[in-house]
Amino acid sequence: MSTTTEVLFISHGGGPMPLLGDPGHRELVEKLTEIAGQLRRPSAILVISAHWEAAAPTITSGANPALIYDYYGFPPESYEIEYPCPGEPALARRVHQALEQAGIPARLDDRRGFDHGLFVPLKLMYPEADIPCVQLSLVDSLDAATHLAIGKALRALDTANLLVIGSGFSFHNMQAFFAPSTPEIEARNEAFEAWLEETCADTGITEAQRAERLVHWERAPHARFCHPREEHLLPLHVCYGLAGQPSETHVSATVLGKRSGMFYWRVSR
């Protein structure tokens, strides 16, 4: 029997703002809710969050991880958000095994909780908080090829009805988010988004070319303007490394005045 894995890269917004009724996140909230309604209900969710970096890929393996409110300066209710989804230690062990078998040293962490890269979008997508979740870290080298390799190693997972989410942001220049919009900033944002959509979804590009473009993403138009630091882009690399094929669906949402993209793959093994 073949195993089908749904893979989704999302732009998750700014801190807890999608959950606080912020007008600049209204379209993102709508899009994430719509996407969840179009997906089959997963039996488990693996999230690669931009908000966790470690020396080696590290996997949450606790049965009931707490939440980590890893943001600052927000209203008191931001630190009272609840998302009591269970962990999934068995899935964590399978992720660990897949990485180790691919020659990628990895760690299990039964104490770490879930950061807002997981609980903010999932509270919108699956508000019942009844689907077991596991979180996987980035590697703090922030090397693009390393994260493609991590994704490729995850192809060995044979978990039925698994949803893999890369939780990042296709545009992540914090100064630009809160600066007055100008035609130049808009043009830079649009150019990078167009490159990213072409790279991930164009069926005329070979997989070798697609991987090469993602490894050398800094060559894209205005790449370092859109990502002064790449941690919010790298969950996309893990997603593509797992999928190894063109994205089937691209969704765009304006977040805090900037165009941000999301990509979906349905992968059969």
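Just above, that's the structure.
What you see as residue numbers is a count from 1 along each chain, following the sequence as written. The predicted nature of this model means local features are confined to residues of pLDDT at least 70 and side-chain atom pairs, given and counted, to a pLDDT of 80 or more, with totals for whole chains, interfaces and linings taken over all residues. As a convention, hydrogens and water are excluded, and side-chain values are obtained from all of the structure's heavy atoms.

**Examining empty space enclosed by the protein**
(1) Moving on: In this analysis, the protein atoms alone were mapped onto a 1 Å grid. Cavities are point sets where a 1.4 Å probe fits without being able to get out; pockets are open sets with protein on both sides within 12 Å along at least five of seven lines; lining residues have an atom within 4 Å of a point. Grid points are joined across faces, edges and corners, and a volume is the space filled by probe spheres set on the points. Taken as a whole and assessed by the stated rule, the structure comprises 1 cavity of 30 Å³ or more.
(2) Moving on: The calculated volume of the largest cavity comes to roughly 40 Å³.

**Quick notes on helix α3 (residues 116–125)**
Since there are 3.6 residues in each turn of an α-helix, residues three or four apart along the chain are aligned in direction.
(1) Moving on: Partly exposed describes any residue whose relative accessible area lies between the buried limit of under 20% and the exposed limit of over 50%, with all areas from a 1.4 Å probe on protein chains only and scaled to the type maximum. Where helices and strands are cited, they refer to DSSP runs of H or I of at least four residues and of E of at least two residues respectively, numbered from the N terminus. Burial analysis of α3 places 9 of its 10 residues in the buried class, which makes it a mostly covered element.
(2) Moving on: In what follows, a contact means two residues having at least one pair of non-hydrogen atoms within 4.5 Å. Contacts made by the buried residues of α3 are with β1 (4–11), α1 (26–38), β2 (44–54), β5 (133–139) and β6 (162–168).
(3) Moving on: At the N-terminal end of α3, a side-chain oxygen is found 2.8 Å from the backbone nitrogen of Gly117, two or three residues along, and the residue is Asp115. Within 3.5 Å is the distance limit for a polar contact, defined as a pair of N or O atoms, with the added protein rule that one can donate a hydrogen and the other accept it, and that residues adjacent in sequence qualify only through two side-chain atoms.

**Quick notes on the layout of surface pockets**
The method is simple in principle: a probe with the dimensions of a water molecule rolls over the atoms, and the space it marks as empty is what remains.
(1) Moving on: Considering only enclosed or pocket space, the largest pocket measures out at about 160 Å³ in volume.
(2) Moving on: For the lining of the largest pocket, the residue count by class is 7 nonpolar, 8 polar and no charged. Under the convention adopted here, Pro, Cys and the residues Ala, Val, Leu, Ile, Met, Phe, Trp and Tyr are nonpolar, Asp, Glu, Lys and Arg are charged, and Gly plus all remaining residues are polar.

**Overview of the side chain of Glu230**
(1) Moving on: Structurally, Glu230 can be placed in the loop between α8 (223–226) and α9 (234–243).
(2) Moving on: In terms of polar contacts, Glu230 uses its side chain to reach the side chain of Arg224, at 2.9 Å.
(3) Moving on: When neighbours within four sequence positions are excluded, Glu230 is seen to be in contact with Leu142, Trp217 and Arg224.

**Some thoughts on the packing of aromatic side chains**
Both the distance between ring centres and the angle between the ring planes are used here to describe each pair of aromatic rings.
(1) Moving on: When the centres of two rings from Phe, Tyr and Trp lie within 6.5 Å, Trp using its six-membered ring, the rings pair. Their planes under 30 degrees apart give stacked, over 60 give edge-to-face, and anything left gives tilted. Considering all chains together, one arrives at 11 aromatic pairs under this definition.
(2) Moving on: A centroid spacing of 5.6 Å and a plane angle of 85° characterise the contact between Tyr71 and Phe74, whose relative ring orientation is edge-to-face.
(3) Moving on: For Tyr71, a relative accessible area of 4% puts it in the buried group.
(4) Moving on: Phe74 sits in the partly exposed class, given a relative accessible area of 26%.
(5) Moving on: Ring pairs connect the aromatic residues Tyr69, Tyr71, Phe74, Tyr79 and Phe119, which therefore count as one cluster.
(6) Moving on: By definition here, charges over rings are those cases where NZ of Lys or CZ of Arg is within 6 Å of the ring centre and within 35 degrees of the ring normal. Directly above the aromatic system of Trp52 lies the positively charged group of Arg112, at a separation of 4.1 Å from the ring centroid.
(7) Moving on: For the cation-ring pair, Arg188 lies above Phe225, with the distance from its terminal atom to the ring centre recorded as 4.6 Å.

**Some thoughts on the pairing of β2**
(1) Moving on: Most of β2 sits inside the fold, with 9 of its 11 residues counted as buried.
(2) Moving on: When DSSP finds two or more bridges between two strands, those strands count as paired. Relative to β6, β2 runs parallel, the two sharing 6 bridges. Along β6, the bridge assignment pairs Val47 with Ile165.

**Structural notes on the environment of Glu190**
(1) Moving on: With respect to the helices and strands, Glu190 occurs in helix α6 (residues 183–201).
(2) Moving on: Look at Glu190 and you get partly exposed, because its relative accessible area is 38%.
(3) Moving on: Counting along the chain gives 70 residues from Glu190 to Ser260, while the straight-line C-alpha distance between them is 9.1 Å.

**Comments concerning unusual backbone geometry**
(1) Moving on: At Asn161, a residue that is not glycine, the phi angle is positive and equals roughly 60°.
(2) Moving on: Mapped onto the secondary structure, Asn161 falls in the loop between α4 (144–153) and β6.
(3) Moving on: Residue class for Asn161 comes out partly exposed when judged on its relative accessible area of 24%.
(4) Moving on: In the Ramachandran plot, Leu256 falls in the positive-phi region, its phi being about 50° despite a non-glycine side chain.
(5) Moving on: Tracing the backbone through its elements, the reader meets Leu256 in the loop between β7 (249–255) and β8 (258–268).
(6) Moving on: Residue class for Leu256 comes out buried when judged on its relative accessible area of 15%.

**Description of the nonpolar core**
(1) Moving on: Counting residues in hydrophobic clusters, the biggest one holds 86 residues, and the most contacted among them are Leu99, Leu122, Met125, Tyr126 and Trp265.
(2) Moving on: No other element matches α9, which puts 7 residues into this core.
(3) Moving on: Once residues within four sequence positions are removed from consideration, Leu99 is found in contact with Pro57, Ile59, Ile104, Ala106, Leu136, Ile150, Ala153 and Leu154. The set of buried Ala, Val, Leu, Ile, Met, Phe, Trp, Tyr and Cys residues whose side-chain atoms join them within 4.5 Å is what this entry labels a nonpolar core.

**Comments concerning the side chain of His172**
(1) Moving on: Following the sequence through the fold, His172 ends up in the loop between β6 and α5 (174–178).
(2) Moving on: At 3.5 Å, the side chain of His172 forms a polar contact with the side chain of His232.
(3) Moving on: Beyond its immediate sequence surroundings of up to four residues, His172 is in contact with Phe177, Cys226, His227, Pro228, Glu231 and His232.

**A closer look at the pairing of β5**
(1) Moving on: Taken across its 7 residues, β5 has 7 buried, putting it largely inside the fold.
(2) Moving on: Two strands pair when backbone bridges link them, and β2 and β5 are joined in this way by 6 bridges, in the parallel orientation. What sits directly across from Ile48, in β5, is Leu136.

**As for the pattern of salt bridges**
(1) Moving on: Between Lys or Arg on one side and Asp or Glu on the other, a salt bridge is scored when a side-chain nitrogen of the former is within 4 Å of a carboxyl oxygen of the latter. Counted under the stated rule, the structure contains 12 salt bridges.
(2) Moving on: In this structure, Arg40 engages Glu6 in a salt bridge whose closest nitrogen and oxygen atoms are separated by 3.5 Å. One end of the pair, Arg40, is in the loop between α1 and β2; the other, Glu6, is in strand β1, and 34 residues separate them in sequence.
(3) Moving on: The closest approach of N and O atoms between Glu231 and Arg229, which form a salt bridge, is 3.2 Å.

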